[in-house]
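Architecture at a glance
So you can see what is in the structure, the chains are spelled out below.
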Amino acid sequence: KGVDMQPGESFVVETDTVITAIWRDMTVFVGGVEMNDGYYLATGSSTPTTTKPSGGYAFYDEGKLVLNNYTYTGFGVQFSGIHHAAIFSAKTLNIELIGTNTLTLKQDDDHLPIGIVLRDDNSNMEIRGEGALSITGGGTAIEARKGGTITVHSGTITTDCDGTGIKSDLTDFVMNGGNVTLVSKQATGMMAGSITVNGGTLDVTGAPYGQGIASQNGDIIINGGKVIVRCNDGDGNDDENYALRVA
């Protein structure tokens, strides 16, 4: 069965003992629950089902995650150290928003939660729909590893977290439509590789001592839509903060 340990626990290995560790690939988790193709997860439930719930739910099938009036409050699934995620995917993920969806992240010394995590390199995330998603509390709202693209086609996304609203050093961000409002209390409002806005409204507020929008690959392109960026100095010192910063 392997070794199941919690942070701070230890075990003793005798001489000449061979240990083989096998990492179980994490796939897609919603609200701390692993989702397989064709399964629903009702709001407040920890048991997926193939039967469509009568109230709010999440539904996953072949890379597509539908959030239909889904609500979650908690730490989410642990994926690295104290880092947890309300929604976690180890591969490309397409999210459809229906109705009003909320992720409320709980946080303490042993849990640093993130709203949505795209963990695998060179994977993509697309968000669309007529609904809305709100992410509050915790650390970063949406985080992706290097490579790939986060694309918002439609829908309304609102984040109000301590960490960055959308964070990835090398993942590109493209906005074709919809409304995205990102508020960071303690960090840069948005950080990505290259950033392209073709339509919709992007409203970003960086924390005191942070930036508004930061591009790590050197490109911020606004072809259309509306972009609003706010940042401030906090206590009036000489730290240089920028609404738009290109690395």
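As a reminder, the structure under discussion sits directly above these lines.
Summarised in this report is the structure supplied together with it. What you see is a predicted model; the values in this text were computed from it and never measured.

1. Here's the deal with the sheet that holds strand β24 (residues 220–222)
The nine strands lie next to each other as β3-β4-β5-β9-β12-β15-β18-β21-β24, forming an open sheet whose pairing is mixed. Here the strands that pair on one side only, and so sit at the sheet edges, are β3 (39–42) and β24. Averaged over all pairs of adjacent strands, the angle between strand axes in this sheet comes to 10°, irrespective of strand direction. Of the pairings in the sheet, the one linking strand β4 (residues 57–61) to strand β5 (residues 64–68) comprises five bridges and is antiparallel in character. Within β5, the residue paired with Y57 across the bridge is N68.

2. Details of the environment of G38
Along the chain, G38 falls in the loop between β2 (33–34) and β3. On the accessibility criterion, G38 (24% relative accessible area) is partly exposed. For G38 and T49, which are eleven residues apart along the polypeptide, the C-alpha to C-alpha distance reads 8.5 Å. Ignoring anything within four residues of it in the chain, the contact list for G38 reads T49, T50, F59, Y60 and D61.

3. A few points about the pattern of salt bridges
Side chains that differ in sign of charge can pair as their charged atoms come close. The tally for this structure, following the rule as stated, stands at four salt bridges. We note a salt bridge from K185 to D160, for which the minimum N-O separation is 2.5 Å. Residue K185 is located in the loop between β19 (179–184) and β20 (190–192), and its partner D160 is located in strand β16 (residues 156–161); the two are separated by 25 residues in the primary sequence. Taking the relative accessible area as the measure of exposure, K185 reaches 44% and is therefore partly exposed. We classify D160 as partly exposed; its relative accessible area is 29%. A salt bridge links D203 to R230, with the shortest nitrogen-to-oxygen separation between them at 2.5 Å. Placement of the pair is D203 in strand β22 (residues 201–205) and R230 in strand β25 (residues 226–230), with a sequence separation of 27 residues.

Cut-offs used in this document
- Residues numbered from 1 in each chain as written.
- Predicted model: local features only at pLDDT ≥ 70, side-chain atom pairs only at ≥ 80, totals over all residues.
- Heavy atoms only, no water.
- Pairing = 2+ DSSP bridges.
- Helix = DSSP H or I, 4+ residues; strand = E, 2+ residues; numbered from the N terminus.
- Axes fitted to C-alpha atoms, helices over the stretch in contact; angles between N-to-C directions.
- Buried < 20%, exposed > 50% of the residue type's maximum accessible area, 1.4 Å probe, protein only.
- Contact = heavy atoms within 4.5 Å.
- Salt bridge = Lys/Arg side-chain N within 4 Å of Asp/Glu carboxyl O.

Honestly, it's all geometry; don't read function into it.
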